[in-house]
Amino acid sequence: MDTKFSSAIHTLILISESETPMNSEQIAASVGTNASYIRKLTTRLSKAGIIEGRRGVSGFRMLKAPEVISLFDIYQAVMATDTLHLFDIHRNPNDTCIVGHHIRPVLGGMFRAMEEHVEEELSDMTLADCMQAMRQRIDESQNKEEHA
């Protein structure tokens, strides 16, 4: 899997937590990428109805509350797919070999079952869960600094 998914979560947390709309350059600086990459992600998130960017206004704003945005919603939006895809199977197994003949359907079924399990897990986690975990981690690191 590439980094679109994690970059999109990062982007959405920034947009959710910001008191003013954030533009692609500001988001890119935090994510550690370029603004054109962020614009591609935000276009997909906008098409999914998660955020909006308005013409003439710099920055993005949330259209949905973080509590109702599942991580699977985010995955589907930025990966432009209805199903999770984590595993690939090699393309050209030798069909005259007994293993080569059967490997694709065997692994395909096993891999799809695992992906369905991950889809369920991602559907049960929300952007708000990520934000809460982020706040907890920030609080813990600040407490460590205060006691050091």
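You'll find the structure just up there.
Overview of the structure. As the structure is a prediction and not an experimental result, all values here were calculated from the model. (Residues numbered from 1 in each chain as written. Predicted model: local features only at pLDDT ≥ 70, side-chain atom pairs only at ≥ 80, totals over all residues. Heavy atoms only, no water.)

1. Here's the deal with the overall build of the chain
In step 1: Looking only at helices and strands, the chain has six helices and two strands in total.
In step 2: Whereas a compact globule of 148 residues would reach a radius of gyration of roughly 15 Å, the chain reaches 19 Å, over 25% beyond that.
In step 3: Its C-alpha atoms put the chain at 60 × 45 × 25 Å along the principal axes.
In step 4: Considering the chain as a whole, with its 148 residues, one finds that 32% of them fall into the buried category.
In step 5: In the chain, the proportion of contacts linking residues at least 24 apart, taken out of those at least 6 apart, comes to 61%.
In step 6: Positive and negative charge centroids in the chain, built from 15 and 21 side chains respectively, lie 10 Å apart. (Helix = DSSP H or I, 4+ residues; strand = E, 2+ residues; numbered from the N terminus. Rg over C-alpha atoms; globule rule 2.2 N^0.38 Å. Buried < 20%, exposed > 50% of the residue type's maximum accessible area, 1.4 Å probe, protein only. Contact = heavy atoms within 4.5 Å. Lys, Arg positive; Asp, Glu negative; His and termini not counted. Charge placed at Lys NZ, Arg CZ, Asp CG, Glu CD.)

2. Thoughts on the nonpolar core
In step 1: With 30 residues, the main nonpolar core has Leu45, Ile74 and Leu127 as its most contacted residues.
In step 2: Among the secondary structure elements, those contributing two or more residues to this core are helix H1 (4-17), helix H2 (24-31), helix H3 (35-47), strand S2 (60-62), helix H4 (71-79) and helix H6 (127-146).
In step 3: Residue contributions to this core peak at seven residues, all from H1.
In step 4: Aside from chain neighbours lying at most four places away, what touches Leu127 is Ile9, Leu12, Ile13, Ser16, Met62, Pro66, Ile69, Leu71 and Ile74. (Core = buried A, V, L, I, M, F, W, Y, C linked by side-chain atoms within 4.5 Å.)

3. Here we look at a nonpolar patch on the surface
In step 1: Judged by side-chain polarity, Leu86, Phe87, Val106, Met110 and Met114 come together as a nonpolar surface patch covering roughly 410 Å² of accessible area.
In step 2: Note on placement: Phe87 falls in the loop between H4 and helix H5 (98-124).
In step 3: The class for Phe87 is partly exposed, based on a relative accessible area of 32%. (Patch = residues over 30% accessible without salt bridge, like charges linked within 9 Å, V, L, I, M, F, W, Y side chains within 5 Å. Areas by Shrake-Rupley, 256 points an atom, 1.4 Å probe, with all protein chains shown as cover. Salt bridge = Lys/Arg side-chain N within 4 Å of Asp/Glu carboxyl O.)

4. Comments concerning the side chain of Thr11
In step 1: With respect to the helices and strands, Thr11 occurs in helix H1.
In step 2: The exposure class assigned to Thr11 is buried, which follows from its relative accessible area of 0%.
In step 3: When near neighbours in sequence (up to four residues on either side) are disregarded, Thr11 contacts Ile27, Val31, Ile38 and Thr42.

5. Observations regarding the packing of aromatic side chains
In step 1: Enumeration according to the criterion identifies three aromatic pairs in this entry.
In step 2: Relative to Tyr75, the ring of Phe5 lies with its centre 5.6 Å away and its plane at 80°, an arrangement referred to as edge-to-face. Here Tyr75 lies in helix H4 and Phe5 lies in helix H1, a separation of 70 residues in the sequence.
In step 3: Its relative accessible area of 1% is what places Tyr75 among the buried residues.
In step 4: Ring centres of Phe72 and Tyr75 lie 6.3 Å apart, and the angle between their planes is 10°; this geometry places the pair in the stacked category. With Phe72 and Tyr75 both in helix H4 and three residues apart, this pair spans about one turn of that helix. Here Phe72 matches Tyr75 in class, with each residue buried.
In step 5: Pairwise contacts between aromatic rings join Phe5, Phe72 and Tyr75 into one cluster. (Phe/Tyr/Trp six-rings, centres within 6.5 Å; stacked < 30°, edge-to-face > 60°.)

Limitation: the analysis is restricted to geometry and does not speak to function.
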